[in-house]
Amino acid sequence: MSGDIQCGVCRRNLLTGERSLLFSDPRTGGQVEVCPLCADRAERNGWELLEAAQAPVSAVVDDDNRTVRILTAQINTLQHQLEDAQGQLDDTRDYTADQLVEMESLAARLTDAEAEGAAVRAQSAELERQIGQLRHELEESRSAQTAILRARRREADAVYLAGIAAEIFNRSPQAATIGLLVGMHGSPSVRIDVIGADLPRPVRLAFAWPQGGREYRVDIDLVARRFDLVDLVPGGDGRLVEIDTPLPGNATWADGRVVTAPAEPTIV
């Protein structure tokens, strides 16, 4: 407001009744009013003390007690402001501490969630692997079942079994035995019969001459890929044995091999 005196050092307006000191600035030659609190700084600046400046005529000169009361009120106000600021700082610190605790809690929960997510992803990957394995095994099982069913259907086909039995016999050493007998007694009557429904499927091959004959059995398991040839004549020495009943042929012996006839073999 009008008539206020401002300190030339700290720029503070002097209080009512507060007397200023008058300094001279040798650099500018001007005079500067300074509050008592800044007198030392003014001297360090090289200013020269002239005298204590008079308060403006319009200023009301209070006694020392009033000045003390004013200063005390200002100090109290500053003290209250300081206390309020300290309270706000404490609240801020408490809020910040709470925020830090909450952030730490959130970080811990995030870590747990990430670990749980990783575990779930691992379980999901394992389940996918198991599902893939089961699908693969299922496909293999279906393929195996299909192969078994196909083999069992073929095992029910007497013509097919007769052809398999003839091929097994033709690759065996017993074919040479029959070849010797053919050289001695001529071409035989050849018959191939599927003898029952057991597994492995038994197929009988019989060779007959007027002088006698020989019999063999081929056990066929198409699923296990097993083909066993059994000589039904004791001793296995290639001799002929007596045949009680006539043997109508359904296959032939040609060029040292058993050849199945187009007619379907009899299942007995």
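The notes below deal with the structure included here. (Residues numbered from 1 in each chain as written. Predicted model: local features only at pLDDT ≥ 70, side-chain atom pairs only at ≥ 80, totals over all residues. Heavy atoms only, no water.)

**Here we look at the packing of aromatic side chains**
- Tallying each qualifying case throughout the model produces four aromatic pairs.
- Seen in terms of ring centroids, Phe207 and Tyr216 are 6.1 Å apart; in terms of plane orientation they differ by 75 degrees. Their pairing is edge-to-face.
- Owing to a relative accessible area of 0%, Phe207 belongs among the buried residues under this scheme.
- Classification of Tyr216 by relative accessible area gives buried; the value is 0%.
- Each member of the aromatic cluster is reached from another via a ring pair, and the members are Phe169, Phe207, Tyr216 and Trp253. (Phe/Tyr/Trp six-rings, centres within 6.5 Å; stacked < 30°, edge-to-face > 60°. Buried < 20%, exposed > 50% of the residue type's maximum accessible area, 1.4 Å probe, protein only.)

**Some details on the pairing of strand β9 (residues 257–260)**
- Of the strand pairs in this sheet, strand β8 (residues 251–254) and β9 are connected by four bridges, and their pairing is antiparallel. From the neighbouring strand, Ala254 faces β9, where its bridge partner is Arg257.
- In this antiparallel pair of consecutive strands, β8 and β9, the connection spans two residues, and Asp255 shows a positive phi of 55 degrees. (Pairing = 2+ DSSP bridges. Helix = DSSP H or I, 4+ residues; strand = E, 2+ residues; numbered from the N terminus.)

**Examining the pattern of salt bridges**
- With the rule as written, the count across this model stands at 11 salt bridges.
- The residue Glu139 makes a salt bridge to Arg142 at a minimum N-O spacing of 3.5 Å. With Glu139 and Arg142 both in helix α2 (residues 64–155) and three residues apart, the pair spans about one turn of that helix.
- Looking at Glu139, the relative accessible area reads 44%, which means it is partly exposed.
- For Arg257, the salt bridge is made with Glu167, and the minimal N-O distance between the two is 3.3 Å. Placement of Arg257 in strand β9 and of Glu167 in helix α3 (residues 158–170) is noted, with a sequence separation of 90 residues between them.
- Taking the relative accessible area as the measure of exposure, Arg257 reaches 37% and is therefore partly exposed.
- The structure contains a network of salt bridges with shared partners spanning Glu167, Arg171 and Arg257. (Salt bridge = Lys/Arg side-chain N within 4 Å of Asp/Glu carboxyl O.)

**Some points on a positive patch on the surface**
- A cluster of like positive charges, contributed by Arg150, Arg153, Arg154 and Arg225, occupies part of the molecular surface.
- Here Arg150 lies in helix α2.
- Using a relative accessible area of 39% as the deciding quantity, one classes Arg150 as partly exposed. (Patch = residues over 30% accessible without salt bridge, like charges linked within 9 Å, V, L, I, M, F, W, Y side chains within 5 Å. Areas by Shrake-Rupley, 256 points an atom, 1.4 Å probe, with all protein chains shown as cover. Lys, Arg positive; Asp, Glu negative; His and termini not counted. Charge placed at Lys NZ, Arg CZ, Asp CG, Glu CD.)

**A word on the environment of Gln174**
- Within the fold, Gln174 resides in helix α4 (residues 174–185).
- Separated by 57 residues in the primary sequence, Gln174 and Asp231 have C-alpha atoms spaced 8.3 Å apart.
- The contacts of Gln174, once residues within four sequence positions are left out, are Phe169, Tyr216 and Leu229.
- Within the local environment of Gln174, its side chain forms a polar contact with the side chain of Ser172, the two groups lying 3.2 Å apart. (Contact = heavy atoms within 4.5 Å. Polar contact = N/O pair within 3.5 Å; in protein donor to acceptor, adjacent residues only side chain to side chain.)

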